[in-house]
Amino acid sequence: MTKLEELIQELCPDGVEFCPLEQCCNILDRKRKPVTKSAREAGDYPYYGANGIQDYVSDYIFDGTFILVGEDGSVITDRGTPVVTWASGKIWVNNHAHIIEESGDVLLRYLYHYIQTIDVSPLIHGNIPKLTGGDFKALQIPVPPLPVQREIVRILDNFTELTAELTAELTARKKQYEFYRDELLFRNVNIPKMAIGTVCNPHYGKGNKIPQNGGDYPVYGCKGIVGNTDTFNSEDAPIVGHIGSAGSVTWGAGKHFVTYNGTICTPNKELVLSRYLYHILVSIKLENKVKGNQPFLSTSDFSGIEIPVPSLDVQERLVQVLDNFDAICTDLSSGLPAEIEARQKQYEYYRDKLLEFEK
């Protein structure tokens, strides 16, 4: 028998009481304050929204340790559970995330783990779908004795700590990759430069609607695959978002279909390799070149950007090196991303098992 089983048998053999969330913590939603992006002053304090940190600002409205729970219906997970963020220190929180602090009777860390198991999808409603304050306060929480809570937290934190360590390592690897990528691509000032519109033919994809007729070809929007169809309009080419996620860069592998909000960058094969162009476009941070209140990247502005264009054999060597780096950082079938995903699934499995209480 495990220590947790012993504690449950000793302290709550007949089950546990369920209480509304508002009785388990202090809910601080009234102190939240949204600030438009244009009105924010850049600084060192995290500015949180529905799904985590959105920005860094020069002031804060909370100082302590908190749980943030996404309020927007658009950010709930595939399982219908809310996005839950652990935040500590001096922070700013807008009105898209509920914020709670510990009240003493229930461990905040216990709530952090438990709230991630609640299917809130039936509670998402309204003209702008949300998990409203009333429904949030009424969420039913099982409250075992504190020794049981502590043991559950201890077990689950062992999983999250390992995942956090792996994530920190991946973040460090990505920074290293970005540094060497930029060094390799831009360090030689003698390499001739050409406008993007010269080395490729940037043109919008097709159709205002996303075709999803179950064909063999993936459909790409501005941020990745959004469906499948039975026709294609691009092959092995970078895709740049010009509306929506303007400035985002996606690699379109093989034959694929690109919708209207994606710009297809069909290369002039005598001048540039598709994969080299992809790495260049990622490295020049196109999102910083987006204009307008509704972010937009025009074809003319995009086409005029100059990039280094070495010989094709040099491009090929650079692509080999950068693809290897990229795989280490992003490939979900190998390396750290795969390990992080496996650890996250393991955590979710044990979390759901340990926190399964009957009313």
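Bear in mind the structure is a predicted one, so any value in this text is a computation, not a measurement. (Residues numbered from 1 in each chain as written. Predicted model: local features only at pLDDT ≥ 70, side-chain atom pairs only at ≥ 80, totals over all residues. Heavy atoms only, no water.)

Caption draft 1: View of the overall build of the chain. Tallying secondary structure elements over the chain gives nine helices and 16 strands in all. On the principal axes, the C-alpha backbone points of the chain span a range of 75 × 45 × 45 Å. In the chain, of all internal contacts separated by at least 6 residues, the share reaching a separation of at least 24 is 72%. Taken together, the 35 basic and 47 acidic charged side chains of the chain have centroids lying 5 Å from each other. (Helix = DSSP H or I, 4+ residues; strand = E, 2+ residues; numbered from the N terminus. Contact = heavy atoms within 4.5 Å. Lys, Arg positive; Asp, Glu negative; His and termini not counted. Charge placed at Lys NZ, Arg CZ, Asp CG, Glu CD.)

Caption draft 2: How the structure looks around the sheet that holds strand E13 (residues 234-241). Taking strand neighbours across the sheet as the criterion, the six strands line up as E10-E15-E13-E14-E11-E12 in an open arrangement whose pairing is mixed. A strand with exactly one partner marks an edge of an open sheet, and here the two such strands are strand E10 (200-204) and strand E12 (225-229). Taking each pair of neighbouring strands and ignoring which way they run, the sheet shows an average axis angle of 35°. Here E13 pairs with strand E14 (residues 249-258) via six bridges, running antiparallel. Across the sheet, residue Ala237 finds its bridge partner in E14, namely Gly252. Where helix H6 (residues 274-283) meets the sheet, its contacts fall on E10, E13, E14 and strand E15 (262-267), and the angle it forms with E14 comes to roughly 145°. (Pairing = 2+ DSSP bridges. Axes fitted to C-alpha atoms, helices over the stretch in contact; angles between N-to-C directions.)

Caption draft 3: Focus on the pairing of strand E3 (residues 42-49). One ladder, built from six bridges, connects E3 with strand E4 (residues 52-57); its direction is antiparallel. Looking at the pairing, Ala42 lines up with Val57 of E4. Taken together, E3 and the strand that follows it, E4, pair antiparallel across an intervening segment of two residues. Here two bridges tie E3 to strand E6 (residues 84-93), and the two strands are oriented parallel to one another. Bridging from a neighbouring strand, Tyr48 pairs with Val93 of E6.

Caption draft 4: Just the pattern of salt bridges, in detail. Summed over the entire model, instances satisfying the criterion amount to 17 salt bridges. One salt bridge in this structure joins Lys130 and Asp72, with 3.0 Å as the shortest N-O distance. Of this pair, Lys130 sits in the loop between helix H2 (108-115) and helix H3 (133-137) while Asp72 is found in the loop between strand E5 (62-70) and E6, placing the two residues 58 residues apart along the sequence. Judged by relative accessible area, Asp72 falls into the buried class, the value being 14%. When salt bridges with common partners are traced through the structure, they connect Arg32, Glu71, Asp72 and Lys130 into a single cluster. (Salt bridge = Lys/Arg side-chain N within 4 Å of Asp/Glu carboxyl O. Buried < 20%, exposed > 50% of the residue type's maximum accessible area, 1.4 Å probe, protein only.)

Caption draft 5: Broad picture of the packing of H6 against helix H8 (residues 312-330). The geometry of H6 relative to H8 is characterised by a closest axis approach of 9 Å and an angle of 60° between their N-to-C directions. Classified by the angle their axes make, H6 and H8 are oblique. Viewed along their axes, H6 and H8 form a crossing whose handedness is left-handed. Contacts between H6 and H8 involve Arg275, Tyr276 and His279 from the former and Gln315, Leu318, Val319, Leu322, Asp323 and Asp326 from the latter. Residue composition of the contact of H6 with H8, grouped by class: four nonpolar, two polar and three charged. (Parallel < 35°, antiparallel > 145°, perpendicular 65-115°, else oblique. Left-handed = near helix turned anticlockwise from the far one by under 90°. Nonpolar A, V, L, I, M, F, W, Y, C, P; charged D, E, K, R; others polar.)

Caption draft 6: Representation of the nonpolar core within the structure. Leu21, Ile67, Ile100, Tyr110, Leu111, Ile141 and Ile152 are the most contacted members of the largest nonpolar core, which has 37 residues in total. Put simply, the parts of the chain that give this core at least two residues each are helix H1 (3-11), strand E1 (17-20), E5, H2, helix H4 (146-186) and helix H9 (335-354). Among the elements that line this core, the one with the most residues is H2, at six residues. When sequence neighbours within four positions are dropped, the list of residues in contact with Ile67 reads Val84, Thr85, Trp86, His98, Ile99, Ile100, Leu108, Leu111 and Tyr112. (Core = buried A, V, L, I, M, F, W, Y, C linked by side-chain atoms within 4.5 Å.)

Caption draft 7: Spotlight on the state of the cysteines. The final tally for this structure, using the stated rule, is zero disulfides. In this structure Cys12 is a free cysteine whose sulfur lies 13 Å from that of Cys19, the closest cysteine sulfur available. Judged by its relative accessible area of 7%, Cys12 falls in the buried class. Looking at Cys19, it has no disulfide partner, and the nearest cysteine sulfur is the one in Cys24, 5.1 Å off. (Disulfide = S-S within 2.5 Å.)

That's the geometry; what it means functionally is another story.
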